[in-house]
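# Geometric and topological summary
Below, each chain spelled out in residue letters.
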Amino acid sequence: MRLLVKQTNLLLSKCSAALRQQLSAAKSTGSVTKFAPTGVQLEIENGNKLLGAVPAKSPAIEALHDNDSVSRTHQSSPLTDTFGRHHTYLRISLTERCNLRCEYCMPAEGVTLQPKSQLLTTDEVLHLARIFVEQGVRKIRLTGGEPTVRRDIVDIVARIKELPQLEHVGITTNGLVLTRLLLPLQRAGLDSLNISLDTLKVDRFEKITRRKGWSRVIAGIDLAIQLGYRPKVNCVLMRNFNEDEIVDFVELTRERPVDVRFIEYMPFTGNKWQTERLISYQETLQIIRARWPEFQALDNGPNDTSKAYAVPGYAGQVGFITSMTEHFCGTCNRLRLTADGNIKVCLFGNKEFSLRDALRGNCTEQELVELIGAAVRRKKQKHAGMLNLSQMENRPMILIGG
């Protein structure tokens, strides 16, 4: 433990005096703070011991290295974890706000939004994006909340696209305003888009999202196709809600060059996840093959989260994101940056580093890189099982970023 504390002090030695003082106070009290909506704290584990964590809203940073991990990875990229996974894909949440209220993403009562001062500014987003790209990130996806509610979304895409060595900029959106924004986004350099749509029925759309707008989403999908995109359509399957539409979604790929991706229902704080509502990949596959026996598997990339399939002769394809029943942790190359500036190395993890606090505490870029490396090296081999996940504290999905 003394060695870990010594490493932390060395890492933060050039940060502001206030930052170091609060870090010292947190360690002396030995208090542990669980996840809170502000998300600025990190809960640190050392074997079976919990080391003191920083209270929510504190600007202090805990960057504790496991000694063995440091020795093994000292010469490697800060984006490579102790299991050899190199992280080249960063998802950046631009906002906690959304113009829909999807029940699996946001609790019915809503979420407590943080004051604007607690969120990353545009300049801070671009600053951190540049650092990640310089360290090896080659793909960035902008998420939310709903990223298109940001008035400067087009400018953000254009400026991120200018980063040298970055190969791909995408966005995940609910599609409500694509008919207005997609052409400017394309001109700004947007390479791809994922569109969330859980039903092909108007009344169900209004039930799941608690808002109107289904026709606008469909129009956005069709516009994306007209502009030359091959959009991914993300559909969360839930028993007793939309399992009777599985075949209809596959049929959507007959004429449209879209990639429909069926996502297993995942547990997050406030979404009232229940095991019996989960429709597994294998069950979905059986339903599809009962209609299309020729439904065939396609090749997948080394870091793909989706298992790709297609009906021969159809313009589009179908994918399955199997986080609950067949995890893909072994090939994960993804990191997340939340709207309030925390780095999450796993979607289901509840341990976070606040890069915002480090940035505002005048840490140097090298220290920021080392903090990123410390977080990445703490990434576990795989996430917990679905029953354990349902009992773990984590952010609601809207505060993580899809």
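Preceding this section is the structure that the text describes.
First, a word on scope: everything that follows refers to the structure included in this document. (Residues numbered from 1 in each chain as written. Predicted model: local features only at pLDDT ≥ 70, side-chain atom pairs only at ≥ 80, totals over all residues. Heavy atoms only, no water.)

Since one α-helical turn is 3.6 residues long, residues separated by three or four positions face the same way. Taking 1.5 Å per residue, 13 residues should reach 18 Å; helix α8 (residues 214–226) reaches 19 Å between its end C-alpha atoms and fits that length. For α8, every residue scored as buried is listed here: Trp-214, Val-217, Ile-218, Gly-220, Ile-221, Leu-223 and Ala-224. Considering only its buried residues, α8 is in contact with α6 (178–188), β6 (192–196), α7 (202–209) and β7 (232–237). Directly beyond the C-terminal end of α8, a positive phi value near 95 degrees is found at Gly-228. (Helix = DSSP H or I, 4+ residues; strand = E, 2+ residues; numbered from the N terminus. Expected span 1.5 Å × (residues − 1). Buried < 20%, exposed > 50% of the residue type's maximum accessible area, 1.4 Å probe, protein only. Contact = heavy atoms within 4.5 Å.)

Glycine aside, the phi torsion of most residues is negative, and most peptide linkages are trans. In the segment running from Gly-144 into Gly-145, the intervening peptide bond is cis, with an omega of 20 degrees. When you line up the elements, Gly-145 lands in the loop between β4 (139–143) and α5 (153–161). Positive phi is not limited to glycine here, since Asn-240 has a value of about 65 degrees. Under the relative-accessibility criterion, Asn-240 is labelled exposed at 68%. Positive phi, normally seen in glycine, also occurs at Asn-362, with a value near 70 degrees. For Asn-362, the position within the fold is in the loop between α11 (355–360) and α12 (365–377).

Tracing the backbone shows Arg-378 in the loop between α12 and α13 (386–389). Since its relative accessible area comes to 29%, Arg-378 is described here as partly exposed.

Here we take up the pairing of strand β12 (residues 334–337). Neither face of β12 is exposed, since Arg-334 and Arg-336 on one face and Leu-335 and Leu-337 on the opposite face are all buried. The sheet contact formed by strand β3 (residues 89–93) and β12 spans four bridges and is parallel. Along β12, the bridge assignment pairs Leu-90 with Leu-335. For β12 and strand β13 (residues 342–344), the ladder comprises two bridges, and the chain directions are antiparallel. Along β13, the bridge assignment pairs Arg-336 with Lys-344. (Pairing = 2+ DSSP bridges.)

One pass over the structure, following the stated rule, counts eight aromatic pairs. Aromatic pair Phe-262 and Phe-320: ring centres 6.0 Å apart, planes at 40 degrees, arrangement tilted. You can see Phe-262 sitting in strand β8 (residues 259–264) and its partner Phe-320 sitting in strand β11 (residues 317–321), a full 58 residues away along the chain. Judged by relative accessible area, Phe-320 falls into the buried class, the value being 2%. Arranged with centres 6.1 Å apart and planes meeting at 80 degrees, the rings of Trp-292 and Tyr-314 form a pair that is edge-to-face. Here the residue Trp-292 occupies a position in the loop between α10 (281–291) and β9 (296–297), and Tyr-314 occupies one in the loop between β10 (306–310) and β11, the gap between them amounting to 22 residues. Here Trp-292 falls in the buried class, since its relative accessible area comes to 2%. We classify Tyr-314 as buried; its relative accessible area is 14%. Among the aromatic residues, ring-to-ring pairing joins Phe-249, Phe-262, Tyr-281, Phe-295, Tyr-309 and Phe-320 into one connected group. The residue whose ring lies beneath Arg-204 is Phe-241, and the NZ or CZ to ring-centre distance is 6.0 Å. (Phe/Tyr/Trp six-rings, centres within 6.5 Å; stacked < 30°, edge-to-face > 60°. Lys NZ or Arg CZ within 6 Å of the ring centre and 35° of its normal.)

Without other data, these values stay purely geometric and don't point to any function.
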